[in-house]
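# Examination of the molecular architecture
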Amino acid sequence: VRYGNVMYSRGSVIPLFVEQIKKGQHITLTDPKMTRFMMTLDEAINLILHAFENAEAGDLFIQKSYSCYMSDLVQAVKEIFEADSEVDIIGTRHGEKVYEVLLTKEEAAKAIDLGDYYRVPADNRDLNYANYLEKGFNKITEAVEFNSNNTKIMSVAEIKGKLLGLKVIQRELESWKKGR
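Computed from a predicted structure; not experimentally measured.

Cut-offs applied
Residues numbered from 1 in each chain as written. Predicted model: local features only at pLDDT ≥ 70, side-chain atom pairs only at ≥ 80, totals over all residues. Heavy atoms only, no water. Phe/Tyr/Trp six-rings, centres within 6.5 Å; stacked < 30°, edge-to-face > 60°. Helix = DSSP H or I, 4+ residues; strand = E, 2+ residues; numbered from the N terminus. Buried < 20%, exposed > 50% of the residue type's maximum accessible area, 1.4 Å probe, protein only. Lys NZ or Arg CZ within 6 Å of the ring centre and 35° of its normal. Salt bridge = Lys/Arg side-chain N within 4 Å of Asp/Glu carboxyl O. Pairing = 2+ DSSP bridges. Contact = heavy atoms within 4.5 Å. Axes fitted to C-alpha atoms, helices over the stretch in contact; angles between N-to-C directions. Polar contact = N/O pair within 3.5 Å; in protein donor to acceptor, adjacent residues only side chain to side chain. Expected span 1.5 Å × (residues − 1).

## Side note on the packing of aromatic side chains
One pass over the full model with this rule turns up three aromatic pairs. Their ring planes at 70° and their centres at 6.3 Å tell us that Phe81 and Trp176 sit as a pair that is edge-to-face. Of this pair, Phe81 sits in the loop between helix H3 (70-80) and strand S6 (87-89) while Trp176 sits in helix H8 (residues 167-179), and the two are 95 residues apart along the sequence. By the burial criterion, Phe81 is buried, and Trp176 matches it. Grouping aromatic residues by their ring pairs yields a cluster made of Phe37, Tyr118 and Phe146. A cation sits over an aromatic face here: Lys33 above Tyr69, 5.0 Å from the ring centre. When the ring centre of Tyr66 is taken as reference, the NZ or CZ atom of Lys152 above it lies at 5.4 Å.

## Things to note about the pattern of salt bridges
If you walk through the whole model with that rule in mind, you get eleven salt bridges. Residues Arg2 and Glu107 are paired through a salt bridge, measuring 2.8 Å at the closest nitrogen-oxygen approach. Note that Arg2 is positioned in the segment before strand S1 (5-6) and Glu107 in helix H4 (residues 105-110), a separation of 105 residues in sequence. Lys64 is paired through a salt bridge with Asp113; the nearest N and O atoms lie 2.5 Å apart. One end of the pair, Lys64, is in the loop between strand S4 (60-63) and strand S5 (66-69); the other, Asp113, is in strand S8 (residues 112-113), with 49 residues separating them in the sequence. Salt bridges sharing partners connect three or more residues here, namely Glu56, Asp59 and Arg119.

## Examining the sheet that holds S8
By definition, the strands of a sheet pair up through backbone hydrogen bonds, in either a parallel or an antiparallel sense. Read across the open sheet, the three strands follow the order S4-S9-S8; overall the sheet is antiparallel. On the outer flanks of this sheet lie S4 and S8, each paired with one strand and no other. One ladder, built from four bridges, connects S4 with strand S9 (residues 117-120); its direction is antiparallel. Residue pairing in the sheet places Gln63 in a bridge with Tyr117 of S9. Sitting on the sheet, helix H2 (residues 41-54) is in contact with S4 and S9, with an inclination near 145° to S4.

## Observations regarding the environment of Glu107
The exposure class of Glu107 is buried, given its relative accessible area of 15%. For the pair formed by Glu107 and Leu60, sequence separation is 47 residues and the distance between their alpha carbons is 9.4 Å. With residues near it in sequence (within four places) discarded, Glu107 still touches Arg2, Leu60, Leu102 and Val120. A polar contact of 2.9 Å, which involves the side chain of Glu107, links it to the backbone nitrogen of Thr104.

## Observations regarding H3
Regarding H3, the residues found buried are Met70, Leu73, Val74, Ala76, Val77, Lys78 and Ile80. Positive phi appears at Glu82, one or two residues downstream of H3, with a value of about 50°.

## Points about the sheet that holds strand S3 (residues 35-39)
Taken together, the three strands give an open sheet; going across it, the order is S1-S3-S5, and neighbouring strands pair in mixed fashion. What marks the edges here is a single partner per strand, and that holds for S1 and S5. Two elements, S3 and S5, share four bridges in a ladder whose sense is antiparallel. Within the sheet, the bridge partner assigned to Phe37 lies in S5 and is Ser67. Here H2 sits on the sheet in contact with S1 and S3, set at roughly 75° to S3.

## Quick notes on H8
Side chains that are three or four residues apart share a direction in an α-helix, a result of its 3.6 residues per turn. Between its first and last C-alpha, H8 extends 18 Å over 13 residues, near the 18 Å set by a 1.5 Å rise per residue. Those residues of H8 that are buried are in contact with helix H1 (14-22), H3 and helix H7 (156-164).

Right, dumping it as structure tokens:
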């Protein structure tokens, strides 16, 4: 499977934003127009289960996740915690991309649309390159990659709804309100 950001997981920036708000610090944001795919842990688990049930050896499964602008994610977290924290734009870090790609153009050319998911069959061709030098594959030329900038981009309200559906955010919010 391949997916973007699992909200509030170890690699997620959301816990950092919450911690910065709770400590009264400025929120650090790399690039406000950066987009990232967002999925809950339940969605990530469902993707894995779907792949287990439907994949053939070597297949790749990708959920058609929505994304958001990082500035909107910050705004949603600030609104949930009723915070007026300032935001410091720190700039894009080395190796960081403005948007994520979950399905490359080449993969999109052979992907099977399963509604909520893409299935990319394993590439089991031999290495007989002559076949591909003499005859091309127009679907690759016409295909469009699936990235966090060309999927549905959630509004601040939609992001807040997704965040408020996370039990960890509910607990953090409850403890935040008690401590104020």
